[in-house]
Amino acid sequence: MALRTRATDLLGIEHPIVQGGMMWVGRAELAAAVSNAGGLGILTALTQPTPDDLRREIDRCRAMTDKPFGVNLTILPSVTPPPYVDYRRAIIDSGVTIVETAGHKPQEHVDEFKAHGITVVHKCTAVRHALSAERMGVDMISIDGFECAGHPGEDDIPGLILIPATADKVKIPIIASGGFGDGRGLVAALALGAEGINMGTRFCATQEAPIHDRVKRFLVENDERATNLIFRRFHNTGRVARNSVSDRVVELSAKADAVFEDIRPLVGGALGRRALETGDLDAGLVWAGQVQGLIRDIPTCRALIDRIMDEAQAIISARLAGFLSPERAQAA
Ligand SMILES: Cc1cc2nc3c(=O)[nH]c(=O)nc-3n(C[C@H](O)[C@H](O)[C@H](O)COP(=O)(O)O)c2cc1C
């Protein structure tokens, strides 16, 4: 079954399912597998050490799929920022047609991408940010609820409210992100006013995700309570899987006089990368969302996407339609 929405039309994909940018995970193997299965796979620009490496990764992805795929550019405030302009140039020069932006002050990047005819999906966590991205000229909003892995913002608004609140305010299409992992979630997102879903954590537990099997099994074994919110007091909240490192970060951050320097040695990206690549679950932070409670297996991306679409069809045509049928109405 195919579900046609404004998102599938805009992105040129078969199914309204996007794989969000993921540091260390959004490599060609995963992005190509998602795109080949009819969704939209996304490479993560900053996972590549240099803009030239990104050019090579885009070429590698293109060799693995003839379907559309995108590149995520995450713009985070930093004392020594990566060379964003050079990464942006690599994306534009490589002929990428879809970009997912995330983070702070994307205007300059959005302007440049749009000037080169690129479709821009901006991921954000608040209605006011969605409205400002719409004014900036992005084509679509990916709205990330409080359930999500990564940075849910500081407002703590779950998807059940944030998605329809955003749909009520913005005119461009939105895709719902945070907490999605199955067909029930897809149908719910559509009912709430979104045109599709964006998934991160669920795609980490797939055959093609380029991370250690032990991490994938950890996501399967964890339940919906197995996350920690870190960096809260530094106003840069992150949702990660519970492990000894994130427990320690929470503990250190709770001290009245805590400063970022106290936790800096625990939270470095290189440590998180080590956890993902070696399967040493206590090596660093492992970013994951509450949707862990709905992850029970490690399928291929194609099997996962097919299953989500089959479930969605069954829910729409049988379960939901059943509620409308006269027999049901009489029985009620
Ligand atoms: C391992 C991991 C790394 C992530 N890294 C990034 C990133 O670098 N940039 C970004 O915009 N979002 C990042 N995210 C967030 C995802 O793109 C997506 O918005 C989020 O995972 C959606 O919530 P879900 O995990 O409940 O599906 C990451 C998520 C995970 C699980």
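Right above here is the structure, for reference.
To keep things clear, this report deals only with the structure shown in the data block.

Rules used throughout
- Residues numbered from 1 in each chain as written.
- Predicted model: local features only at pLDDT ≥ 70, side-chain atom pairs only at ≥ 80, totals over all residues.
- Heavy atoms only, no water.
- Near = heavy atom within 4 Å.
- Polar contact = N/O pair within 3.5 Å; in protein donor to acceptor, adjacent residues only side chain to side chain.
- Areas by Shrake-Rupley, 256 points an atom, 1.4 Å probe, with all protein chains shown as cover.
- Helix = DSSP H or I, 4+ residues; strand = E, 2+ residues; numbered from the N terminus.
- Nonpolar A, V, L, I, M, F, W, Y, C, P; charged D, E, K, R; others polar.
- Pairing = 2+ DSSP bridges.
- Axes fitted to C-alpha atoms, helices over the stretch in contact; angles between N-to-C directions.
- Contact = heavy atoms within 4.5 Å.
- 1 Å grid on protein atoms, 1.4 Å probe; cavity = no way out; pocket = protein on both sides within 12 Å on 5 of 7 lines; lining within 4 Å.
- Points joined across faces, edges and corners; volume = space filled by probe spheres on them.
- Parallel < 35°, antiparallel > 145°, perpendicular 65-115°, else oblique.
- Left-handed = near helix turned anticlockwise from the far one by under 90°.

This brings us to the site of the ligand. Around the ligand, a shell composed of 20 residues is seen, among which Gly21, Thr74, Lys123, Gly179 and Thr201 lie nearest. Interatomic distance of 2.8 Å between a backbone N/O atom of Gly200 and an oxygen atom of the ligand. Alone, the ligand offers 600 Å² of accessible surface; in the complex the protein occludes 92% of this. Counting residues per element, the ones that place at least two in the shell around the ligand are strand S3 (69-75) and strand S8 (197-199). By residue class, the composition of the shell around the ligand is 8 nonpolar, 10 polar and 2 charged.

This brings us to the sheet that holds strand S6 (residues 140-144). Spatial strand order, S1-S8-S7-S6-S5-S4-S3-S2: 8 strands in an open sheet with parallel pairing. Bordering the open sheet on either side are strand S1 (17-19) and strand S2 (41-44), each of which pairs with just one other strand. Between one strand axis and the next, the sheet turns by 30 degrees as a mean value, whatever way the strands run. As paired elements, S2 and S3 share 4 bridges and run parallel to each other. Paired with Leu43 across the bridge in S3 is Val71. The strands touched by helix H3 (residues 51-64) are S2 and S3; relative to S3, the strand with the most contacts, the crossing angle is about 155 degrees.

Attention shifts here to the layout of surface pockets. Of the volumes computed, that of the second largest pocket is approximately 190 Å³. Considering the residues around the second largest pocket, the lining is formed by 13 residues, among which Glu147, Gly179, Phe180, Gly185 and Ala188 are closest to the centre. Listing elements by their share of the lining of the second largest pocket, those giving two or more residues are helix H7 (159-169) and helix H8 (183-191). Residues of the lining of the second largest pocket, tallied by class, amount to 6 nonpolar, 4 polar and 3 charged.

With that out of the way, let us pick up the packing of H8 against helix H14 (residues 301-324). With their axes 7 Å apart at the nearest point, H8 and H14 run at an angle of 60 degrees to one another. Considered as vectors, H8 and H14 are oriented oblique to each other. Seen from above, H8 lies across H14 with right-handed handedness. Of the residues in H14, those touching H8 at Gly183, Arg184, Leu186 and Val187 are Ile308, Met309, Glu311, Ala312, Ile315, Ile316 and Leu320. Residue composition of the contact of H8 with H14, grouped by class: 8 nonpolar, 1 polar and 2 charged.

What follows is about the environment of Asn236. Residue placement: Asn236 occurs in the loop between strand S9 (227-230) and strand S10 (238-241). Residues Asn236 and His151, spaced 85 residues apart in sequence, show a C-alpha to C-alpha distance of 7.1 Å. Setting aside residues up to four positions removed in sequence, Asn236 forms contacts with His151, Glu154, Ile230 and Phe231.

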